[in-house]
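Residues per chain are reported as follows:
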Amino acid sequence: MRSRSLRKLQLSVLAMSLAVAPLTAVDTTARAEAPRRPIPPAAGATTGTAPPVPAATTGSAPPTAPRVTRPSAPPASSQPVPAAAPAKVVYLTFDDGPKATYTEQILKLLAAHGVRATFFVTGAQVKAYPEITRRIHLQGHSVQNHTWSHPRLTRVSAARFRSEITGTDRAIRARTGYTPRCLRPPYGAYDGTVKARAAALGKKLRLWTVDPQDWARPGTRTIENRVLNGVRPGSTVLLHDGGGDRSQTVAALPGIITTLKARGYVFHSTMCP
Ligand SMILES: [Zn+2]
């Protein structure tokens, strides 16, 4: 009898970890490049053979508990996840704008398809295009912080960090009436210091899980295919409305939206409550 209920418990634990697994995978894709290494025998002891860490993950790899099979219950922290990541939600994000023409074209397309998105703007672009910033907000999209001048935040002083973020906050607040809660570090470059400085300013770091490299202009079709092949429930897609010629991104958007809709996806902008 005892072994029967024990078995039942084991089965339900297994079911729980199976249910959680895909979500965990989605959550970590942004840092998928982080080298997986065994826990060093002692803190600080490194083998010296660790592969070079890409810039985007420098120092950010949390003392990752390696993925182990847990004999007992899954960690408490993973339990609320299923409720928070329900059906097929996808977050479209547009970086480096706003910019005349491209942002306006994107806004028109999003409105035509009834889709909401998140725009990670730079303070400099908000200053250059205040009316477009306002329009993004009025159309129901989220306007969030992408620094003032797009530096690598891993290389700036504390004072520069603060002015990059708070200056952009002020510019966004003047156009939308709210202070952004999220910060997307340029180039995805962050480390523990960046994280701590962002937190001190009330910001959460938001990266992405699908990067079609649209900024490199690989072709409309390629951008579309990369997004469609990469999206899973809960994905955050990185696109650009600023920083250069974004006509390919604009052209790829209708196909991305209609196909994802046909697959049952809904588009949310509320990644930064
Ligand atoms: Zn950027």
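Since the structure is predicted, the reported quantities are computational estimates derived from the model, not experimental observations.

Concerning the overall build of the protein
The number of helices and strands found in the protein is nine helices and seven strands. By residue count, 32% of the 273 residues in the protein fall in the buried class. Across the protein, the fraction of contacts at a sequence separation of at least 24, relative to all contacts at a separation of at least 6, is 78%.

Remarks on helix α9 (residues 247–262)
Taking 1.5 Å of rise per residue, the 16 residues of α9 would be expected to cover 22 Å, and the 24 Å separating its terminal C-alpha atoms lies within 8% of that figure. Taking the largest bend as the criterion, α9 deviates by roughly 30°, centred on Leu 253, and proline Pro 254 comes between one and four positions later. Along α9, the residues that are buried comprise Gln 248, Thr 249, Val 250, Ala 252, Leu 253, Ile 256, Ile 257 and Leu 260. Buried-residue contacts for α9 involve β1 (89–95), α3 (102–113), α8 (220–230) and β6 (236–240). Directly beyond the C-terminal end of α9, a positive phi value near 95° is found at Gly 264.

Looking at the packing of α8 against α9
Running from N to C, α8 and α9 cross one another at 40°; their axes reach a closest spacing of 8 Å. When the axis of α8 is compared with that of α9, the two are oblique. As for how α8 packs across α9, the hand of that crossing is right-handed. Across the interface between the two elements, Thr 220, Ile 223, Glu 224, Val 227 and Leu 228 of α8 pack against Gln 248, Thr 249, Ala 251, Ala 252, Gly 255, Ile 256 and Thr 259 of α9. Its residues assigned to classes, the contact of α8 with α9 shows six nonpolar, five polar and one charged.

Quick notes on unusual backbone geometry
Geometrically, the link from Gly 97 to Pro 98 is a cis peptide bond, its omega value of 0° lying close to zero. Its place among the elements puts Pro 98 in the loop between β1 and α3. Notably, His 150 is not glycine yet its phi reads approximately 65°, a positive angle. Considering the arrangement of structural elements, one finds His 150 in the loop between β3 (142–145) and α6 (158–176). On the neighbour-count criterion, His 150 (19 C-beta atoms within 10 Å) is partly exposed. Of note in the backbone geometry, Gln 213 takes a positive phi value of approximately 55° without being a glycine. Inspection of the secondary structure assignment puts Gln 213 in the loop between β5 (204–205) and α8. Gln 213 sits in the exposed class, given 12 other C-beta atoms within 10 Å.

What to know about the confidence of the model for the protein
On average, residues of the protein score 79 in pLDDT, and 68% of them reach the 70 mark or higher. Within the model, the stretch residues 1–82 combines pLDDT values under 50 with 49 contacts to residues more than four positions away or in other chains.

Structural notes on the nonpolar core
Residues Ile 106, Phe 119 and Val 237 are the most contacted members of the largest nonpolar core, which totals 33 residues. Every element with two or more residues in this core is listed here: β1, α3, β2 (118–121), α5 (130–138), α6, α8, β6 and α9. At six residues, α9 tops the list of elements feeding residues into this core. Residues Leu 153, Ile 165, Tyr 190 and Val 194 belong to the second largest nonpolar core, which totals seven residues.

A closer look at α8
If you check which residues of α8 are buried, you get Ile 223, Glu 224 and Val 227. All buried residues of α8 project into a common sector of 95° when viewed along the axis, lining one side. For α8, the exposed residues set more than 90 degrees away from the buried face come down to Arg 221 and Asn 229. Contact partners of the buried residues in α8: β6 and α9.

Scoring rules and cut-offs
- Residues numbered from 1 in each chain as written.
- Predicted model: local features only at pLDDT ≥ 70, side-chain atom pairs only at ≥ 80, totals over all residues.
- Helix = DSSP H or I, 4+ residues; strand = E, 2+ residues; numbered from the N terminus.
- Buried ≥ 20, exposed ≤ 12 C-beta atoms within 10 Å, placed from the backbone.
- Contact = placed C-beta atoms within 7 Å.
- Expected span 1.5 Å × (residues − 1).
- Bend = angle between axes of the 7 residues up to and from the residue.
- Axes fitted to C-alpha atoms, helices over the stretch in contact; angles between N-to-C directions.
- Parallel < 35°, antiparallel > 145°, perpendicular 65-115°, else oblique.
- Left-handed = near helix turned anticlockwise from the far one by under 90°.
- Nonpolar A, V, L, I, M, F, W, Y, C, P; charged D, E, K, R; others polar.
- pLDDT = per-residue confidence, 0-100.
- Core = buried A, V, L, I, M, F, W, Y, C linked by C-beta atoms within 7 Å.
- Arc of directions from axis to C-beta.

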